[in-house]
Amino acid sequence: MAQTVSLDQVSKSFTSNQSPLRVLYNLSLQVEPGEIVALLGPSGCGKSTVLRIVGGLESPSAGTIEIGTRPVTTTDERCAVVFQEPRLLPWRTVSANVALGANRRRGERNEPSRDLIDRLLGRVGLTEFARIHPHQLSGGMAQRVALARGLAAEPEVLLLDEPFAALDALTRMRMQDLLIEVWSDSKPTVLLVTHDVDEALFLADRVVILGSSRPATVVAQIPVDVPRPRDHDDPAFFALRSRILGHFGLGHRAGEGDSGQATRLDTAAD
């Protein structure tokens, strides 16, 4: 069952050369049950730090984080994380890697049902690859395994840290379509980190923009009131893209999205 994710005045500092490096300051955000929220901003602005804090992989320096009505715990089992690198175990088959996600939620002694693993592999189009090992997969196939592994935990919150950034453009678009398809099955709450404006608009119900200067905080929240399935050529989509790029002083480049460059904040900022 999807849960609300609430961050209240969250700050995070790291120690660098014995001096504190302030990354986040008084960041407050609420993600509603079943909502897809994209965190958007340039490299180094703290997006992944927010994601890691929500997932219990980092502790905040100040503030509170709750999923539902309970605080986040270390490596919180209510969350599943899909990273940019698939991080599959090379000695385990595709099927066994997917089963790891379910094992994490149920405990090693309670093996997931074969039906669950088969259903997820079918959903991501990998049924015939169940018995092979990760080194035999393409990058896009490996990322599909990582997505299936995350969903095998039946998470209340799915955390996605630029999961498609390393893929070629066509594979990335297919993976975006696939994510919406599998999300539609159980509609977990999703928090997505991305540099790509078009990806944020295609996937999210709301885009949250983090400031580019440290320490970062929320500078804008933009609802994406465009029905799914979404068309990149929809005038409403174009208007939202222009509005978001305007927050980064790039509104004049809003029409360059087809190049795959202007709508990525990490490249556009160079």
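Structure's up top.
No experiment lies behind these values; they were computed from the predicted model shown. Once a new chain begins, its residue numbering starts again from 1 and follows that chain's sequence as written. Selection of residues for local features in this predicted model requires a pLDDT of at least 70, selection of side-chain atom pairs for listing and counting requires 80 or more, and totals for whole chains, interfaces and linings are taken over all residues. Hydrogen atoms and water are omitted, and side-chain values are computed over all heavy atoms in the structure.

### Digging into the side chain of Gln176
The condition is simple: Helix and strand definitions here come from DSSP, where helices need a minimum of 4 consecutive H or I residues and strands a minimum of 2 consecutive E residues; each element is numbered from the N-terminal end. Here a polar contact means two N or O atoms within 3.5 Å. Within protein one must be a hydrogen donor candidate and the other an acceptor candidate, and residues neighboring in sequence count only if both atoms are side-chain atoms. Working rule for contacts: check all heavy atoms of both residues, and any pair within 4.5 Å makes them a contact.
Locating Gln176 in the fold gives a position in helix α5 (residues 169-186). In terms of polar contacts, Gln176 uses its side chain to reach the side chain of Glu199, at 2.8 Å. Sequence-distant contacts of Gln176, defined by excluding residues within four places in its chain, comprise Phe164, Glu199, Phe202 and Leu203.

### Describing the pairing of strand β8 (residues 189-194)
As a reminder, the rule being used: Throughout this description, buried means an accessible area under 20% of the type-specific maximum (1.4 Å probe, protein chains only), exposed means over 50%, and partly exposed covers the range between. Here the rule is simple: two strands pair whenever DSSP picks up at least two bridges between them. Handedness is read with the strands pointing away from the viewer; a crossover is right-handed when the path from the first strand over the helix to the second is clockwise.
Burial analysis of β8 places six of its six residues in the buried class, which makes it a mostly covered element. A two-sided burial pattern is seen for β8, the buried positions comprising Thr189, Leu191 and Val193 on one face and Val190, Leu192 and Thr194 on the other. Pairing geometry for strand β3 (residues 36-40) and β8, over five bridges, is parallel. Its bridge partner lying in β8, Val37 is registered against Leu191. Two elements, strand β7 (residues 157-161) and β8, share five bridges in a ladder whose sense is parallel. Residue Asp161 lies in a different strand from β8, and its bridge partner there is Val193. Note on the crossover from β7 through α5 to β8: the handedness is right-handed.

### Focus on the sheet that holds strand β4 (residues 62-67)
The criterion, for reference: Note on method: axes are straight lines fitted to C-alpha atoms, helices fitted across the in-contact stretch only, with angles between N-to-C directions ranging 0 to 180 degrees.
In space, the four strands of this open sheet follow the order β2-β1-β4-β5, with antiparallel pairing throughout. Every other strand in the sheet has two partners, leaving β2 (19-31) and β5 (70-71) as the edge strands with one partner each. In terms of strand pairing, β4 meets β5 through two bridges, oriented antiparallel. Bridge assignment links Glu66 to a residue of β5, and that residue is Pro71. Packing against the sheet, helix α1 (residues 47-54) makes contact with β1 (5-16), β2 and β4, and its axis sits at approximately 115° to β1.

### As for the pattern of salt bridges
Cut-off, in case you're wondering: What counts as a salt bridge is simple: a side-chain nitrogen of Lys or Arg found within 4 Å of a carboxyl oxygen of Asp or Glu.
On inspection of all chains with the given rule, the structure shows eight salt bridges. In this structure, Glu181 and Arg123 form a salt bridge, with 3.7 Å as the shortest nitrogen-oxygen distance. On the criterion of sequence distance, the pair formed by Glu181 in helix α5 and Arg123 in helix α3 (residues 114-123) is long-range, its members being 58 residues apart. For Arg123, a relative accessible area of 30% translates into the label partly exposed. Between Asp185 and Arg123 there is a salt bridge; the shortest N-O distance is 2.8 Å. Residue Asp185 is found in helix α5, and its partner Arg123 is found in helix α3; the two are separated by 62 residues along the sequence. Connected via shared salt-bridge partners are Lys12, Arg52 and Glu58.

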